[in-house]
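# Structural overview
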Amino acid sequence: MTAQTVKKADRNYKIAVIGGDGTGPEVVKEALKVLAAAQKAYGFKLELTEKDFGGERYLKTGKVISDEEVQELRKYDAILLGAVGHPDVKPGILEKGLLLKIRFDLKQYINLRPVKLYPGVWTPLRDKGPEDIDFVVVRENNEGLYVGEGEFIDKGTKDEIALQVSRNTRAGVERCIRYAFEYTRKRNKRKKLTLCAKTNVLTYAHDLWWRVFNEVAKEYPDVTTDYAHVDATCMWMVKNPEWFDVIVTDNMFGDIITDLGAMIQGGMGIAAGGNLNPEGVSMFEPIGGSAPKYTGKNVINPLAAICAGAMMLEQIGETQAAAAIEKAVMDVTQNKLKSLAAGKMGYGTTEVGDLVVERVSGAVAVAR
Ligand code: IPM
Ligand code: MN
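Residues numbered from 1 in each chain as written. Chains lettered and ligands numbered in written order. Predicted model: local features only at pLDDT ≥ 70, side-chain atom pairs only at ≥ 80, totals over all residues. Heavy atoms only, no water.

## Some words on the overall build of the protein chain
A count of helices and strands for the protein chain gives eleven helices and twelve strands. With the C-alpha coordinates of the protein chain rotated into their principal frame, the extents come out at 60 × 50 × 45 Å. The buried share of the protein chain, reckoned over its 368 residues, is 53%. Here the contacts in the protein chain between residues at least 6 apart in sequence split such that 76% fall between residues at least 24 apart. Here the protein chain has roughly 16,100 Å² of accessible surface; of this, 53% comes from carbon and sulfur atoms. Separation of charge centres in the protein chain, based on 49 positive and 49 negative side chains, amounts to 3 Å. (Helix = DSSP H or I, 4+ residues; strand = E, 2+ residues; numbered from the N terminus. Buried < 20%, exposed > 50% of the residue type's maximum accessible area, 1.4 Å probe, protein only. Contact = heavy atoms within 4.5 Å. Areas by Shrake-Rupley, 256 points an atom, 1.4 Å probe, with all protein chains shown as cover. Lys, Arg positive; Asp, Glu negative; His and termini not counted. Charge placed at Lys NZ, Arg CZ, Asp CG, Glu CD.)

## What to know about the domain arrangement of the protein chain
Looking at the assigned domains, one finds that the protein chain contains domain 1 (1-111 + 268-368) and domain 2 (123-265). For domain 1 versus domain 2, the distance between C-alpha centres works out to 24 Å. Counting residues at the interface gives 19 residues for domain 1, matched by 19 residues for domain 2. Roughly 1,600 Å² of surface becomes buried between domain 1 and domain 2 when both sides are summed, with 57% attributable to carbon and sulfur atoms. (Domains from an automatic or database assignment. Buried area = accessible area lost by both parts, 1.4 Å probe.)

## So, the nonpolar core
Counting 84 residues, the largest nonpolar core has Val248, Leu313 and Ile325 as its most contacted members. Ranked by residues supplied to this core, first place goes to helix α9 (residues 303-316) with ten residues. Shared between two domains, this core takes at least three residues from each, and those domains are domain 1 (1-111 + 268-368) and domain 2 (123-265). The residues contacting Leu313, other than those within four sequence positions of it, are Leu35, Ala38, Phe44, Leu46, Glu318, Thr319, Ala321, Ala322 and Ile325. Counting 19 residues, the second-largest nonpolar core is a separate cluster that includes Phe53, Tyr76, Val281 and Met283. (Core = buried A, V, L, I, M, F, W, Y, C linked by side-chain atoms within 4.5 Å.)

## Observations concerning the site of ligand 1
Around ligand 1, the neighbouring residues are Glu95, Leu99, Arg103, Arg113, Arg139, Tyr146 and Asp255. Arg103 places a polar side-chain atom, nitrogen or oxygen, 2.7 Å from an oxygen atom of ligand 1. Note that an oxygen atom of ligand 1 is positioned 2.6 Å from one of the side-chain N or O atoms of Tyr146. Protein burial of ligand 1: of its 320 Å² of free accessible surface, 74% is covered by the chains. When grouped by side-chain class, the residues that make up the shell around ligand 1 number two nonpolar, no polar and five charged. (Near = heavy atom within 4 Å. Polar contact = N/O pair within 3.5 Å; in protein donor to acceptor, adjacent residues only side chain to side chain. Nonpolar A, V, L, I, M, F, W, Y, C, P; charged D, E, K, R; others polar.)

## As for the environment of Val27
Tracing the chain through its elements places Val27 in helix α1 (residues 24-42). Residues Val27 and Val332 lie 305 residues apart in sequence; the distance between their C-alpha atoms is 16 Å. Excluding anything up to four places from it in sequence, Val27 contacts Pro286, Ile300, Asn301, Pro302 and Ala305.

## Considerations on the sheet that holds strand β3 (residues 78-83)
Strands sit in the order β2-β1-β3-β12-β11-β4-β5-β10-β8-β9 across an open sheet of ten strands; the sheet is mixed. The open sheet has two free edges, formed respectively by β2 (45-51) and β9 (224-229), since each of these has just one partner strand. Strand-to-strand, the axes of this sheet are offset by a mean angle of 25°, without reference to chain direction. Sheet topology places strand β4 (residues 110-116) next to strand β5 (residues 134-140); seven bridges connect them, and they run antiparallel. By the bridge assignment, Val115 is partnered in β5 with Phe135. Sitting on the sheet, helix α5 (residues 170-187) is in contact with β4, β5, β8 (192-197), β9, β10 (246-249) and β11 (272-276), with an inclination near 160° to β5. On top of the sheet, α9 reaches β1 (12-20), β2, β3, β4, β11 and β12 (282-286); it is set at about 160° to β12, its chief contact. (Pairing = 2+ DSSP bridges. Axes fitted to C-alpha atoms, helices over the stretch in contact; angles between N-to-C directions.)

Structure representation (C-alpha cells):
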C-alpha cells in the first residue's frame, strides 16, 4: 500500500501511540486490540510506548510538544495517532503545535489517503458502488499554504491586508510527484495518475507542479497521466469517481478533496490516512478528528483507527496481517454494521472492535 517496507528480521517493531484528544484514545484502544490479535495470528511483535501529547496535557502544563519530544519519536518504527483537537484549547494551538509539527519535523512529506468504498457501506452517491469508488489521494504534506508564512499589513485598520504564502519548492514538489508515480505503478490498478491543481489561476505555484509533473511523467511511460483543476476534481469525484486511480495534489487542495473523499467512502468513521516519510518514521491516523461530543459514550466508530493500524502494518512490512485486517473490516461493514455513523452502528465502539478481532484471530471465518 505504501512505498516503504521496513520489515525487520526479528519482526519486532517499536510503536509510539498518541491517543490524543476527545474520542482519540477510545478508537486507538480498539485499533490496538485488533493489532494485538494480528500479532498473535501472524507472529510479529509490536512494542508499544504511550505518549500523553494532546489537549489535556497542554491544559495542565502549557506544553504541546517540545523539539526533544519530536526528535525522540525518530527512534520508533511508526506512530499511531488517535486525534488532535480539544474544545477548551483555542483552535490552531494543538493542530499546529502537535500534528503539523510532527508532520513537518519528521519530514512526513506524503499524506496518503485511500478513498475506498467497502461493501455494505452507504454512500451518498446514488448508483455508485465499491467497484466505482476506489482511488488514493497523494497529498503533499510539508509545504504549500501549510508552512504558515505570511503577514498582516496595517492589522486592525480598514486598509488591512493579510498575506498567506504558499511555498512550493522544486525538491518538495518533485519528491511528492515522484512518490505518486511510484505508488501508481505499484498499486497496479488502472495505472493512471491525475494531477489536481489550479494552473489557470495559481500561475506560479501550480506552474511548477505542472512542469515537474510532466517532466517526471517521462520516466513512467507505463503510467497514464491526466490533469484536473481542483474544482473540476470535486465535480468528478461526485459524478464519476471511477475515473480516478491515484490523484496527486498540494497540501491545501489535498486537505479539502480528502474530506469530500471521506464522505463518498462512507464518512469519517472509516477514513484513514498515513503521514509518510518514506525514508523515516511515518504516522498513521483516522482522519476524522477528536469528535468531542461523542467522547466516553462508546458510540464512535473505531474502524477508521483500525484501518489506520492496518496501513501502519502495511508500511512496516507486515502486509499479510494488514490485508487480514482490511478483509475483516470489509466483512464487518458488509455483514454487521447498520451504519458507519457514530451512535447508529447497531453496536458500541468496543463491540465493533471485538467484531474485527474475532475475524482477524480466525474465531469467526471471513469469506476469502
Ligand atoms: C487533516 C486535518 C488537519 C489538516 C488539521 C487538523 C490541521 O484537517 O489531517 O486533514 O488540515 O491537515
Ligand atoms: Mn483535513
